[in-house]
Amino acid sequence: SKLIDNILDVAMVEAGNVQLDLGDVDVYETITDSVQMAASKARDTEVPIRVKCDPKIGAIMADQKRITQVLVNLLSNALQHTERGDTITVTAERLDGAVRLAVADTGKGMAFEQQARAFDSFESGDRRGAGLGLALVRSFVEMHGGWVALASEPGRGVTVTCHLPTQAPRA
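Notes on the structure in this doc start here. (Residues numbered from 1 in each chain as written. Predicted model: local features only at pLDDT ≥ 70, side-chain atom pairs only at ≥ 80, totals over all residues. Heavy atoms only, no water.)

## Here's the deal with the sheet that holds strand β2 (residues 49–52)
- Strand order across the open sheet formed by five strands is β2-β4-β5-β7-β6, with mixed pairing between neighbours. Looking at which strands have only one partner, the edges of the open sheet turn out to be β2 and β6 (147–152). When strand polarity is set aside, the average angle formed by the axes of neighbouring strands in this sheet is 15°.
- Across seven bridges, strand β5 (residues 98–105) lies against strand β7 (residues 158–165) in antiparallel orientation. Directly across from A102, in β7, lies its bridge partner T161.
- Most of the contacts of helix α2 (residues 27–41) go to β2, to which it runs at about 175°, and overall it touches β2, β4 (88–95) and β5.
- The sheet contacts of helix α3 (residues 64–80) involve β2, β4, β5 and β7, and relative to β5 the element is tilted by about 20°. (Pairing = 2+ DSSP bridges. Helix = DSSP H or I, 4+ residues; strand = E, 2+ residues; numbered from the N terminus. Axes fitted to C-alpha atoms, helices over the stretch in contact; angles between N-to-C directions. Contact = heavy atoms within 4.5 Å.)

Note that all results are geometric; they support no functional claim without further evidence.
Written as structure tokens, this is what we have:
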């Protein structure tokens, strides 16, 4: 199951056993693939996922599998906490030496105290299973030399932003 895979991956990251498999990762293609994967998992969702990204954004030097896992985790999380009438938007833009990827939803949002603990492993509060996915997201982004930020207001949805350098550091 996905949860088991996540638990194993978190354990590996925490044990320092994950080596990034770096290559050219087409940002737009990776986003559209991840959106299809997440949407196919959530067959009955009525929440549209929009992509706001220039198809010619180009590539970054990163681990394709891990960037896909980051996006699928963020999208799955957003799908769990939205309902009919909400939307999810994935944006990506190239900054100086980095790409900023964000997944934003218009769902129920998170209380401030939940946000403070959002990235702790296994801390899920009432966003069941969210803690695990976000801990994994942060680990993988940080392994790429980047960082992650979460912004939310109760009732106003959640935005998770990942800043990824265009060139991940070599191990």
